[in-house]
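Overview (structure and organization)
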Amino acid sequence: MNDKTVLQQIEEGYKDVGHKDSHYISAKEGRIIARANSRIVSRLEKNKKRKADESEYVTEMRDPNNIVEFDDLHTYFFTDSGVVKSVDGVSFEIPQGSVVGVVGESGCGKSVTSLSLMQLVQAPQGQIVAGSIRFRTEDFLYGEDGKPIPLYEYVRDEDGNPMLDEQGNPTVLTRPVLDKKGNPKRDKNGDPIVEKVQATDADGFPAFRRVSKTYDVAKMPASQMRKIRGKEIAMIFQEPMTSLNPVFTVGNQMDEVVLLHVPGATRESAKARSIEMLRLVGIAEGELVYKKYPHELSGGMRQRVMIAMALSCNPRLIIADEPTTALDVTIQAQILELLKSVREKINGSIMLITHDLGVIAGMADYVVVMYAGRIVEKGTVEDIFDRPLHPYTVGLQKSKPVVNQKTDWLYSIPGQVPNPIDMPDYCYFKDRCQSCVAACNGEYPPLVKVSDTHYVACYLANGAKESDK
Ligand SMILES: Nc1ncnc2c1ncn2[C@@H]1O[C@H](COP(=O)(O)OP(=O)(O)OP(=O)(O)O)[C@@H](O)[C@H]1O
Ligand code: SF4
Ligand SMILES: [Mg+2]
């Protein structure tokens, strides 16, 4: 489906609904909204359920060093009051092995951006309407029967190189098939039956052939997305109690993840993996916790279980949405340390969503600042903390308490975020901005490049001076 046509359809479908002076919606407007919602949503839903050929959603990364590239992402909610443009043209990337922090005040679209990447936006009202989310995976290579192709052990010479057969192909290692008593099974002619020996991966699970592929998550059918969600991308939510199922034990839920995503995993190997992951996240008595129900654990322990569960399939990307907000300060620090150390162990990348600038400063390599569904500034952690340019970023930093600095009151950014259903056609921050210049009365400022890594959407960074007021 063509992106432009959906955006155009939205533009046209709601043009007769006006909120300019009030939030009141007449019965006629309500009907227009309902009709447009149903038309657009059913079109998008049908598209998600289609049987798509892989060529429709396999793509190329713009930079092979990135693991994720959000490109002009638009995720909207089609509500009874109109279209909420929660994410409205967001572009940023997550380089392999890095931590990208996403900050911004409540409701600015941080969670919706991450949920879009997982294809977990609340449907049918929430929909990715345009843009791309490119994600680089190390997917299994599937055979014609739809099953992953096993990787076999080869017979090797003294130097460890595979030995070649007459056709020049590596010789696969075989072993006799045993019956229940441990005796070799034989065929009709009395010859021993042999089977190929499958190689194992670093975690001891059967190994399969893999292939590096880039998918456009925004265009992927839901059935395909299920294969990478939880395996290649894992998510840690703010409140672990809502993500863990209260009626199953921790072990049960952890094993389920491994059994679902690791072909060839058995109940025993899944259990061993779960207990090993619990140890990795600093739970000493892993075997004990494995048998417990979520309500029998403390908040910090539940969050560790969530992290252990997220890591059990060696994801290449971890999305942590406010991972420490529900925890006290000491446990917060431990969880952040833990995230840092596991990232190094699995060489994964982290998308870290938080309100807390202190957490970002301590953890992130890159920072994305969002405001009302758009990126207002992005750059390296030094760009954002040492050289902030957007008045919103500057305001956020001023509103952060500083140790050893006595102050009578803490700065807060005046005013409120505009109504998400009826965004102005000028800079969204203008009504709260204390640095406005004449140019700010024009259209929404473009995102301009101020250095190789630093981008800002503000007329001040675009050459306009405060003296132009
Ligand atoms: N299911 C939904 N239906 C309608 N609107 C929604 C829904 N989920 C989110 N939104 C809207 O999308 C916008 C962005 O929400 P989002 O949850 O991404 O904010 P956030 O930046 O994560 O905020 P917080 O810091 O409070 O978690 C908000 O205006 C919100 O009202
Ligand atoms: S563009 Fe103008 S109104 Fe918007 S943040 Fe910059 S200075 Fe303020
Ligand atoms: Mg959120």
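See the structure printed just above.
This report concerns the structure included in the present document. Keep in mind that this is a model prediction, so the values were computed, not measured.

**Observations regarding the sheet that holds strand β5 (residues 126–140)**
- Strands sit in the order β1-β8-β5-β2-β3 across an open sheet of five strands; the sheet is antiparallel. Sheet topology places β1 (58–59) and β3 (82–95) at the edges, where each strand pairs with a single neighbour.
- Pairing analysis gives two bridges linking β1 to strand β8 (residues 210–216), with the strands arranged antiparallel. Its bridge partner lying in β8, V58 is registered against Y215.
- In the packing of helix α3 (residues 110–118) onto the sheet, the strands contacted are β2 (66–79), β3 and β5, and the crossing angle to β2 comes to about 110°.

**Observations concerning the packing of helix α6 (residues 250–261) against helix α9 (residues 299–311)**
- One way to put it is that α6 packs onto α9 with a least axis distance of 9 Å and a crossing angle of 20°. In terms of orientation, α6 and α9 fall into the roughly parallel class. For the pair α6 and α9, the crossing hand works out as right-handed. Contact residues: α6 offers V250, Q253, M254 and V257, while α9 offers V305, A308 and M309.
- Taken together, the residues that form the contact of α6 with α9 break down as six nonpolar, one polar and no charged.

**A look at the environment of I94**
- Tracing the backbone shows I94 in strand β3.
- Using a count of 23 C-beta atoms within 10 Å as the deciding quantity, one classes I94 as buried.
- In the structure, I94 is positioned 200 residues away from P294 in sequence and 32 Å away in space, judged by C-alpha atoms.
- I94 has contacts with N66, I67, V68, V100, L317, S349 and M351, leaving out every residue within four places of it along the chain.

**Quick notes on the site of ligand 2**
- Not every one of the 14 residues close to ligand 2 is listed here, only the nearest: C427, K430, C433, C440 and C458.
- Along the lines of polarity and charge, the residues of the shell around ligand 2 split into 11 nonpolar, two polar and one charged.

About the criteria used
Residues numbered from 1 in each chain as written. Chains lettered and ligands numbered in written order. Predicted model: local features only at pLDDT ≥ 70, side-chain atom pairs only at ≥ 80, totals over all residues. Pairing = 2+ DSSP bridges. Helix = DSSP H or I, 4+ residues; strand = E, 2+ residues; numbered from the N terminus. Contact = placed C-beta atoms within 7 Å. Axes fitted to C-alpha atoms, helices over the stretch in contact; angles between N-to-C directions. Parallel < 35°, antiparallel > 145°, perpendicular 65-115°, else oblique. Left-handed = near helix turned anticlockwise from the far one by under 90°. Nonpolar A, V, L, I, M, F, W, Y, C, P; charged D, E, K, R; others polar. Buried ≥ 20, exposed ≤ 12 C-beta atoms within 10 Å, placed from the backbone. Near = placed C-beta within 6 Å.

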